[in-house]
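# Chain and residue survey
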Amino acid sequence: MESRVKIIFYWQLIGICYILHNLLHLSEIYYGKEMLILDANGVTPMGAQIFTILVSTMPFILAVLSLNVFNKGFLWASFVWSVLLACLNTLHLAETLSSDVLDFSQIVLLLFVLVVNLLLSVALWKSVREQKHKAVA
């Protein structure tokens, strides 16, 4: 499969998994878990909005950009972003394993996201290297 197609698919899969991750958290309400945030006033704080854009929306943006832009600079930026997300995903999985060890659905999903994220990083790294070899040739 062409590396560009893999990269686009991986970005989309990560974005979809982030949505599913949030839905799984909300599903705990059905089983009686209270999810009230102290001092919440019904308005999403700007920090939470920015985090949501960077983590949940950015994979979709990068997937669309990958359809139209696939140069060395973009590939490097995508690679760096994928590595940062892999670090975040690793830390989040570790935190979940240490605090919610019985939340199997989240653990499996977070592990899956981490594997996809690592596959994405490898595919991006290979594409960066291919671009480098094309520039030399």
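Structure: above.
Report on the accompanying structure. (Residues numbered from 1 in each chain as written. Predicted model: local features only at pLDDT ≥ 70, side-chain atom pairs only at ≥ 80, totals over all residues. Heavy atoms only, no water.)

### Quick look at the pattern of salt bridges
Per the counting criterion, the structure on display carries 1 salt bridge. We note a salt bridge from E28 to K33, for which the minimum N-O separation is 3.1 Å. For E28, a relative accessible area of 16% puts it in the buried group. (Salt bridge = Lys/Arg side-chain N within 4 Å of Asp/Glu carboxyl O. Buried < 20%, exposed > 50% of the residue type's maximum accessible area, 1.4 Å probe, protein only.)

### Some words on the nonpolar core
Counting 23 residues, the largest nonpolar core has I7, W11, Y18, L120 and L124 as its most contacted members. With 8 residues, helix α1 (residues 3-27) is the largest single contributor of residues to this core. Ignoring sequence-local partners within four residues, the contact set of L124 consists of I7, W11, L75, S78, F79 and S82. (Core = buried A, V, L, I, M, F, W, Y, C linked by side-chain atoms within 4.5 Å. Helix = DSSP H or I, 4+ residues; strand = E, 2+ residues; numbered from the N terminus. Contact = heavy atoms within 4.5 Å.)

### Comments concerning a nonpolar patch on the surface
Judged by side-chain polarity, I19, L20, L23, L26, I29 and M35 come together as a nonpolar surface patch covering roughly 520 Å² of accessible area. Within the element layout of this structure, L26 appears in helix α1. Overall, L26 belongs to the partly exposed group, its relative accessible area being 47%. (Patch = residues over 30% accessible without salt bridge, like charges linked within 9 Å, V, L, I, M, F, W, Y side chains within 5 Å. Areas by Shrake-Rupley, 256 points an atom, 1.4 Å probe, with all protein chains shown as cover.)

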